[in-house]
Amino acid sequence: MTKKMKKRLYGVLVFIIVLLMISGLYGCSSQQEETGTPEEENPFDTIIDAQALAEHLFENITFADELTKVDNDIAYEIYGMEKDVAKDIAVYMSTGATAEEIAVFTVSSDNEALLVSTAFNSRIEQQKSGFENYVPEELPKLEKAVITQIDSAVVMIVCNDTDEANEAVGSYIETYLQ
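The notes below deal with the structure included here. Keep in mind the model is a prediction, meaning the values are calculated, not measured. For every chain, the first residue of the written sequence is number 1, and numbering continues from 1 onward in sequence order. With the structure being a predicted model, the display of local features is reserved for residues of pLDDT at least 70 and the display and counting of side-chain atom pairs for 80 or more, all residues being used for whole-chain, interface and lining totals. Think of the side-chain values as coming from all heavy atoms in the structure, minus any hydrogens and water.

**Brief notes about the overall build of the protein**
Only DSSP runs of H or I reaching four residues or more are called helices, and only runs of E reaching two or more are called strands; each is numbered from the N terminus. Counting its regular elements, the protein contains 6 helices and 5 strands. In the protein, the order of α-helices and β-strands from amino to carboxyl end is α-α-β-α-β-β-α-α-β-β-α. Of all 178 residues assigned to the protein, the portion counted as buried reaches 37%. Between two residues, a contact is recorded if the distance between any of their heavy atoms is within 4.5 Å. In the protein, 64% of the contacts between residues at least 6 apart in sequence involve partners at least 24 apart. Accessible surface is estimated by sampling points in the Shrake-Rupley manner with a 1.4 Å probe; for residues, cover comes only from the protein chains shown. In the form shown here, the protein has an accessible surface area of approximately 11,200 Å², with 53% of it arising from carbon and sulfur atoms. Only protein chains enter the calculation, and the probe is 1.4 Å; a residue is then buried if its accessible area is under 20% of its type maximum, exposed if over 50%, and partly exposed in between.

Written out as structure tokens, the structure reads:
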């Protein structure tokens, strides 16, 4: 084989290899489109109405004390949070005779969700030290408090029956998010 033929053959082989690589990449990308593999869902894309969720929980959980809606500005102070952390909030609190409480904060990111969860845990710890000598019978409610996240909503529920609270959360999901 002559030097010229080897050069030409080498050029053709390189061209074929490049074509195969490109067609292989194209084949992979079209295969993904054809299978309809969904992109990972972002839970923060689901906008949850904090007030509607809090009302649902309020109506579907038995509380020993009367709960009333707390003004949002006061709620932010109680939880020690800046107003820009959450997009929407709804908080119901007892008269003070019990530790019962519902708090729903809707957020836009994992970082905000973590800030809200941390604030909820701090609130529970504050309540424990407050009720420890005042009404120690409330401590089991605080120790079993439900803190969960439903898509963009971070929820805290302090009540007697955590099973009932979890069922209320589940029924909200089934009714409004399915």
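**Focus: the packing of aromatic side chains**
Aromatic pairing here means that ring centres of Phe, Tyr or Trp (its six-membered ring) are within 6.5 Å. Orientation follows from the plane angle: under 30 degrees is stacked, over 60 is edge-to-face, and everything else is tilted. The final tally for this structure, using the stated rule, is 7 aromatic pairs. With centroids separated by 5.1 Å and ring planes inclined at 20 degrees, the aromatic side chains of F58 and Y92 adopt a geometry described as stacked. On the criterion of sequence distance, the pair formed by F58 in helix α2 (residues 50–60) and Y92 in strand β2 (residues 88–93) is long-range, its members being 34 residues apart. On the basis of relative accessible area, Y92 is assigned to the buried category, the value being 8%. Where Y76 meets F105, the ring centres are 6.1 Å apart and the plane angle is 85 degrees; that geometry is what we call edge-to-face. Placement of Y76 in helix α3 (residues 72–79) and of F105 in strand β3 (residues 101–106) is noted, with a sequence separation of 29 residues between them. Side by side, Y76 and F105 carry an identical accessibility label, which is buried. An aromatic cluster of at least three residues, connected via ring pairs, comprises Y76, Y79, F105 and F120.

**A short note on the sheet that holds β2**
For two strands to count as paired, DSSP must find a minimum of two bridges between them. Spatially, β1-β2-β3-β5-β4 is the arrangement adopted by the 5 strands of the open sheet, whose pairing is antiparallel. Looking at which strands have only one partner, the edges of the open sheet turn out to be β1 (68–70) and β4 (146–150). Here the average twist between neighbouring strands, direction ignored, is 20 degrees. Two strands pair when backbone bridges link them, and β4 and strand β5 (residues 153–158) are joined in this way by 5 bridges, in the antiparallel orientation. Paired with Q149 across the strands is V154, a residue of β5. Most of the contacts of α2 go to β2, to which it runs at about 25 degrees, and overall it touches β1, β2, β3, β4 and β5. With axes taken as lines fitted to C-alpha atoms, and helix axes fitted only over the stretch in contact, angles between N-to-C directions fall between 0 and 180 degrees.

**Section: the environment of I157**
Summarising the element assignment, I157 is placed in strand β5. Taking the C-alpha atoms as reference points, I157 and V169, 12 residues apart in sequence, are found 9.8 Å from one another. Those residues in contact with I157 that sit more than four places away from it in its chain are L57, I61, E101, A145, V146, A165 and V169.

**Brief notes about the packing of α2 against helix α6 (residues 162–176)**
At their nearest, the axes of α2 and α6 sit 9 Å apart, and the two run at 130 degrees to each other. It follows from the interaxial angle that α2 and α6 lie oblique. The interaxial crossing formed by α2 with α6 has right-handed handedness. Across the interface between the two elements, A52, L53, H56, L57 and N60 of α2 pack against E164, A168, V169, S171, Y172 and Y176 of α6. Considering only residue class, the contact of α2 with α6 consists of 7 nonpolar, 3 polar and 1 charged. Angles below 35 degrees are treated as roughly parallel, those above 145 as roughly antiparallel, those between 65 and 115 as roughly perpendicular, and all remaining angles as oblique. It is the rotation of the near helix from the far one that decides the hand of a crossing: anticlockwise by less than a right angle makes it left-handed, clockwise makes it right-handed. Each residue receives one of three labels: charged for Asp, Glu, Lys and Arg, nonpolar for Ala, Val, Leu, Ile, Met, Phe, Trp, Tyr, Cys and Pro, and polar for the others, Gly being one of them.

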